[in-house]
Every structure is written in structure tokens, then in C-alpha cells.
Amino acid sequence: MPLFSALTDFLSALSLTLFILIIAYVAFLCFTPPIQIPDNLNETNRNSFANNLLVYYGCSAIVMLINMYHALLCFTYPAPPSILCPNPFNLSPKLFTWSPHTILCIALILLSGQVMLLCFNQLGPISNFGLTVPKKLITTGLYSWLQHPYYAANFVIFLSNSALIQRRDGVAACWLPKSIVDGDKFGMFFQIGYLFTVAVGCWALAKRIRNEESMLKRTFGTEWEEYHRRTKPFLPGVI
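Residues numbered from 1 in each chain as written. Predicted model: local features only at pLDDT ≥ 70, side-chain atom pairs only at ≥ 80, totals over all residues. Heavy atoms only, no water.

## Some details on the environment of C174
Here is step 1 of the chain: With respect to the helices, strands and loops of the structure, C174 is situated in the loop between α5 (149-165) and α6 (178-181).
Here is step 2 of the chain: Classification of C174 by relative accessible area gives buried; the value is 0%.
Here is step 3 of the chain: On a C-alpha basis, the gap between C174 and P88 in space is 5.8 Å, while along the polypeptide they are 86 residues apart.
Here is step 4 of the chain: The residues contacting C174, other than those within four sequence positions of it, are Y69, L73, L84, C85, P86, N87 and L91. (Helix = DSSP H or I, 4+ residues; strand = E, 2+ residues; numbered from the N terminus. Buried < 20%, exposed > 50% of the residue type's maximum accessible area, 1.4 Å probe, protein only. Contact = heavy atoms within 4.5 Å.)

Right, dumping it as C-alpha cells:
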């Protein structure tokens, strides 16, 4: 029985580790669309586009590394090496073992990732970091149900990934005093930091959507307005 229990624990840790690595790869893949720099950009805009691209990939690389660190902690939990995690007692079991929380986050990321990849397939070379005027208004496939399936899935991945790694009892807990992890000291700063990150994400997404809708309205006029009236932006039949 002890051997069976140890084998079960090992397979559970291994499977969760693999899924964490998979969602890290899926998230990185989904936020790496085929890049096509528009031909009509002047030198200043091209430099701005390149700088934004550099910042984007830098942030994506940081998130990827944090996810890989999270995966290592899952594999070695509940007793990771001290060099990997000096304060393992701070870690929340629901973040580093199979739990309703990890299952929900992983499922949402995998499902939303599939949606984003389908959007890439439909949008083709216009799916890049800049606003590119399409040759025609896309209203088929996922876009027959929603105006912005890509952005809806993008936001779900952002929230789900944050719920796994941007917590004071998550990967950061390895390097924090227990008093902070428990919320006795500076706990509110982590809550504010999370809310600030979400607010910034919402603001950036809303700004991008406004700019894109203005471009589509200017380009396609009545066709866009009719499409806009009969579909919802993010959730079919709701919002």
C-alpha cells in the first residue's frame, strides 16, 4: 500500500506538472500570432511597432519562466528543494496539487487557447500586434457568433493564468515571510496589485477594441453596423 500510494502521488504530481507546462506553451503560442508589419507604416511607426513587439515578447518570456517555475514546484511539492523554494510551508496546496481551482484554471486556458488558435486560422496574416485593415469583414466561423472571440478568449487566459501564479500563496510565497503570505503584513498590497493588473488589462483591451471597431466602421460602413447589431461582442446572446 505505501508503494501504491507513493506511485499515485508521483503520477498525480507528474500529470499536473505536464499540464502546467502545456498551458504555459499554449498561452505563449496564443499570444504569438503570425507577425506581418503593415507596409503603410512610416519609419517612426515601424520603430514603435518593433519596440512594442520587444516589450511584448519580454513580458511573455517572464510569464513563461514563472509558469515553468510553477511546474517545478508542482513536481516537487510538498517538499521542494530549499534552493528551489526556501519557504515551502507558505505554498497553498490548491495551487500545486490537483484541486477544483487548478482544474478550472487549466480547463479555461486550454479551451480559450483553442478559441484563439481558431481565430488566428480565420484571420490569417492580419492577426498581428497592429491594427491592419482587412480586405473583407470576417463574419463566418467564430465571428458569426461573436464580434471579438479572440479578445474574449485572451482575457479569460489572462485571468486564469493570474489566478494560478499571481497570488501571494503561489510561487511568490517561496520567497516571502509567512506573515506576508498569511496577509498579516502587506497582504492588501497583493490584492491591490492583482486588481491593478486586471484593471490595466481591461483598459488596454477596451482601448484596442475601440480602435479596431472605429477602423472597421470607417472601412465597411453599413456592413459593419448591421453585423454589429446582430451579434454580441464577447458572449453569445449576453454581452
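There is more to say after this.
## Side note on the pattern of salt bridges
Here is step 1 of the chain: Enumeration over the complete set of coordinates arrives at two salt bridges.
Here is step 2 of the chain: Its salt-bridge partner being R167, residue D169 comes within 2.9 Å of it at the nearest N-O pair.
Here is step 3 of the chain: Residue D169 is classed as buried on the basis of its relative accessible area, which comes to 15%.
Here is step 4 of the chain: Judged by relative accessible area, which is 22%, R167 ranks as partly exposed.
Here is step 5 of the chain: K178 is paired through a salt bridge with D182; the nearest N and O atoms lie 3.5 Å apart. (Salt bridge = Lys/Arg side-chain N within 4 Å of Asp/Glu carboxyl O.)

## Some points on the packing of aromatic side chains
Here is step 1 of the chain: Applying the stated criterion to the full structure yields seven aromatic pairs.
Here is step 2 of the chain: Seen from their ring centres, W224 and Y227 are 5.8 Å apart, and the 50° between their planes marks the pair as tilted. Taken together, the residues W224 and Y227, both in helix α8 (residues 222-230) and three residues apart, mark about one turn of the helix.
Here is step 3 of the chain: Taking the relative accessible area as the measure of exposure, Y227 reaches 2% and is therefore buried.
Here is step 4 of the chain: Aromatic ring contacts, followed pair by pair, group F120, Y150 and Y151 into a single cluster. (Phe/Tyr/Trp six-rings, centres within 6.5 Å; stacked < 30°, edge-to-face > 60°.)

## Brief notes about helix α4 (residues 100-123)
Here is step 1 of the chain: The end-to-end C-alpha distance of α4 is 34 Å, a good match for the 34 Å that 24 residues give at a rise of 1.5 Å each.
Here is step 2 of the chain: For α4, the elements touching its buried residues are α1 (2-30), α3 (93-96) and α5.
Here is step 3 of the chain: Of the residues flanking the end of α4, it is G124, one or two places downstream, whose phi is positive at about 65°. (Expected span 1.5 Å × (residues − 1).)

## Let's talk about the UniProt feature "transmembrane region" (unreviewed entry) in the protein
Here is step 1 of the chain: Residues given the UniProt feature "transmembrane region" (unreviewed entry) here are residues 12-32, 53-78, 98-121, 142-166 and 186-206.
Here is step 2 of the chain: Across residues 142-166 one finds 68% helix and 0% strand; the C-alpha atoms that close the span lie 30 Å apart. (UniProt positions renumbered as here; feature names shortened; annotations may be inferred.)

## Focus on the packing of α4 against α5
Here is step 1 of the chain: Two elements in contact, α4 and α5, have axes whose closest approach is 8 Å; the angle formed by their N-to-C orientations is 155°. Taken together, the axes of α4 and α5 are roughly antiparallel relative to one another. Relative to α5, α4 is oriented so that their crossing is left-handed. When α4 is examined against α5, the residues H101, T102, C105, L108, I109, S112, G113, V115, M116, C119 and F120 are found in contact with a partner set consisting of P149, Y150, A153, N154, V156, I157, S160, N161, A163 and L164. (Axes fitted to C-alpha atoms, helices over the stretch in contact; angles between N-to-C directions. Parallel < 35°, antiparallel > 145°, perpendicular 65-115°, else oblique. Left-handed = near helix turned anticlockwise from the far one by under 90°.)

## Some points on the nonpolar core
Here is step 1 of the chain: Counting 25 residues, the largest nonpolar core has I20, Y69, L73, L91 and F96 as its most contacted members.
Here is step 2 of the chain: Secondary structure elements with two or more residues in this core: α1, α2 (43-76), α3, α4, α5 and α6.
Here is step 3 of the chain: With four residues, α2 is the largest single contributor of residues to this core.
Here is step 4 of the chain: Those residues in contact with I20 that lie beyond four places of it in its chain are N67, H70, A71, C74, I106 and L164.
Here is step 5 of the chain: Counting 21 residues, the second-largest nonpolar core is a separate cluster that includes M116, L137, Y150 and I209. (Core = buried A, V, L, I, M, F, W, Y, C linked by side-chain atoms within 4.5 Å.)

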